[in-house]
Amino acid sequence: MAREFLLPGRIFTGTGALEQAAGYLAGLGTKALIVTDPQMRKLGNCGALEQTLTERGIGWAVFDGVDMEPTDKIVEAGLACYQAESCDFLVALGGGSPMDTMKAIGVLAAGTGRSISSYMGEEIAVAVPPMVAIPTTAGTGSEVTLASVITDSESGHKFPINDFPLIPRVAVLDVENTRSLPPAMTATTGMDALTHAVEAYIGRSTTASTRADALEAVRLIFENLENAYEHGNNIQAREHMLTAAFLAGR
């Protein structure tokens, strides 16, 4: 059985990864649309990203209208912001919802005039702008996956879009972005990562490398999730959880 694996072109990890990545981001475009949610602005994560981009001479605009369950209407609003601000690449800051929203905005930014729901089950044969994923939770692994899940605002039905162009070009795994994650969210996103690892291990298309990634993710989660839950400022536990989520998604 033939298999194909695609991953982000660049992965920056560890404390200070965002600073390290900033130089590379300058080559992706002139102005980024930061796709995030109101909580990230309140916690200061968005401000740190804005400052980093500014210091590198990169223009930016912010779309913080992402909800916990991103809808087609939210995606369309994000596209309108992207176009109005003349952006040429996308940066998602947050959990799975901002990253899924960014991917969907990227698809619509190709300018085909189609609705996002029309891409369900279809090949994404459009030129998606460069996308950068900066996770602030250790759970979905969306920074390395080809999937985006959007909710139809009228029917309430969730639909996936899956294809290789949806894999972000850059993933920035900076543990500092997960420090502010509250205990309850630390627990639920950690269990999300565990689910992905188990699913990857038992799936019918597994390989030796995918099983090794899955086992390592499970080990890291069992050894660090409780610690990260009880001691949110434990950088080592947080970093191991971020790595586990990445491995489970990969």
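Everything quoted here is computed from the prediction, not taken from an experiment.

1. Here we look at the overall build of the protein chain
Stage number 1. Regarding its fold elements, the protein chain presents eight helices and eight strands.
Stage number 2. For 250 residues, the compact-globule estimate of 2.2 N^0.38 gives 18 Å, and the protein chain sits close to it at 17 Å.
Stage number 3. Oriented by its inertia axes, the alpha-carbon framework of the protein chain measures out at about 45 × 45 × 35 Å.
Stage number 4. Long-range pairs, those at least 24 residues apart, make up 75% of the contacts in the protein chain with a sequence separation of at least 6.
Stage number 5. Carbon together with sulfur atoms contributes 52% to the accessible area of the protein chain, which is approximately 11300 Å² in total.
Stage number 6. Positive and negative charge centroids in the protein chain, built from 17 and 29 side chains respectively, lie 4 Å apart.

2. Here we look at the confidence of the model for the protein chain
Stage number 1. Across the protein chain, the average pLDDT comes to 93, with 100% of residues at 70 or higher.
Stage number 2. Mean pLDDT across the elements of the protein chain ranges from a minimum in helix 2 (residues 38-43), with 85, to a maximum in strand 2 (residues 31-35), with 98.

3. Examining the nonpolar core
Stage number 1. Counting 30 residues, the largest nonpolar core has Leu33, Val35, Leu90, Ile116 and Tyr119 as the members making the most contacts within it.
Stage number 2. Contributing elements (two or more residues each) for this core: strand 2, strand 3 (59-63), helix 4 (72-84), strand 4 (89-94), helix 5 (96-108), strand 5 (131-135) and strand 7 (158-162).
Stage number 3. It is helix 5 that contributes the most residues to this core, six residues altogether.
Stage number 4. Excluding residues that lie within four positions of it along the chain, Ile116 makes contacts with Asp72, Ala104, Val107, Leu108, Phe159 and Ile161.

4. Some details on the packing of helix 7 (residues 208-230) against helix 8 (residues 235-249)
Stage number 1. It is at 8 Å that the axes of helix 7 and helix 8 come closest, and there the two elements cross at 150°. Here helix 7 is positioned roughly antiparallel relative to helix 8, judged by the angle of their axes. The handedness of the crossing between helix 7 and helix 8 is left-handed. Contacts from Asp213, Glu216, Ala217, Leu220, Ile221, Asn224, Leu225, Asn227 and Ala228 of helix 7 reach helix 8 at Gln236, Ala237, Arg238, His240, Met241, Thr243, Ala244, Leu247 and Ala248.

5. Looking at the packing of aromatic side chains
Stage number 1. Tallying each qualifying case throughout the model produces one aromatic pair.
Stage number 2. Ring plane angle 50° and centroid distance 6.2 Å describe the contact between Phe12 and Tyr24, whose orientation is recorded as tilted. On the criterion of sequence distance, the pair formed by Phe12 in strand 1 (residues 10-13) and Tyr24 in helix 1 (residues 17-25) is long-range, its members being 12 residues apart.
Stage number 3. Using a relative accessible area of 9% as the deciding quantity, one classes Phe12 as buried.
Stage number 4. Given a relative accessible area of 27%, Tyr24 falls into the partly exposed group.
Stage number 5. Cation over ring: Arg114 sits above Tyr119, and NZ or CZ is 4.1 Å from the ring centre.

6. Things to note about the pattern of salt bridges
Stage number 1. In this structure the tally under the stated criterion is nine salt bridges.
Stage number 2. Put simply, Arg41 and Glu50 hold a salt bridge, and the shortest N to O gap is 3.4 Å.
Stage number 3. The salt bridge involving Asp213 is made with Arg250; its shortest N-O contact spans 3.0 Å. Note that Asp213 is positioned in helix 7 and Arg250 in the segment after helix 8, a separation of 37 residues in sequence.
Stage number 4. We classify Asp213 as buried; its relative accessible area is 17%.
Stage number 5. If you follow the salt bridges from partner to partner, you end up with Arg41, Glu50 and Asp64 in one network.

What counts and what doesn't
- Residues numbered from 1 in each chain as written.
- Predicted model: local features only at pLDDT ≥ 70, side-chain atom pairs only at ≥ 80, totals over all residues.
- Heavy atoms only, no water.
- Helix = DSSP H or I, 4+ residues; strand = E, 2+ residues; numbered from the N terminus.
- Rg over C-alpha atoms; globule rule 2.2 N^0.38 Å.
- Contact = heavy atoms within 4.5 Å.
- Areas by Shrake-Rupley, 256 points an atom, 1.4 Å probe, with all protein chains shown as cover.
- Lys, Arg positive; Asp, Glu negative; His and termini not counted.
- Charge placed at Lys NZ, Arg CZ, Asp CG, Glu CD.
- pLDDT = per-residue confidence, 0-100.
- Core = buried A, V, L, I, M, F, W, Y, C linked by side-chain atoms within 4.5 Å.
- Buried < 20%, exposed > 50% of the residue type's maximum accessible area, 1.4 Å probe, protein only.
- Axes fitted to C-alpha atoms, helices over the stretch in contact; angles between N-to-C directions.
- Parallel < 35°, antiparallel > 145°, perpendicular 65-115°, else oblique.
- Left-handed = near helix turned anticlockwise from the far one by under 90°.
- Phe/Tyr/Trp six-rings, centres within 6.5 Å; stacked < 30°, edge-to-face > 60°.
- Lys NZ or Arg CZ within 6 Å of the ring centre and 35° of its normal.
- Salt bridge = Lys/Arg side-chain N within 4 Å of Asp/Glu carboxyl O.

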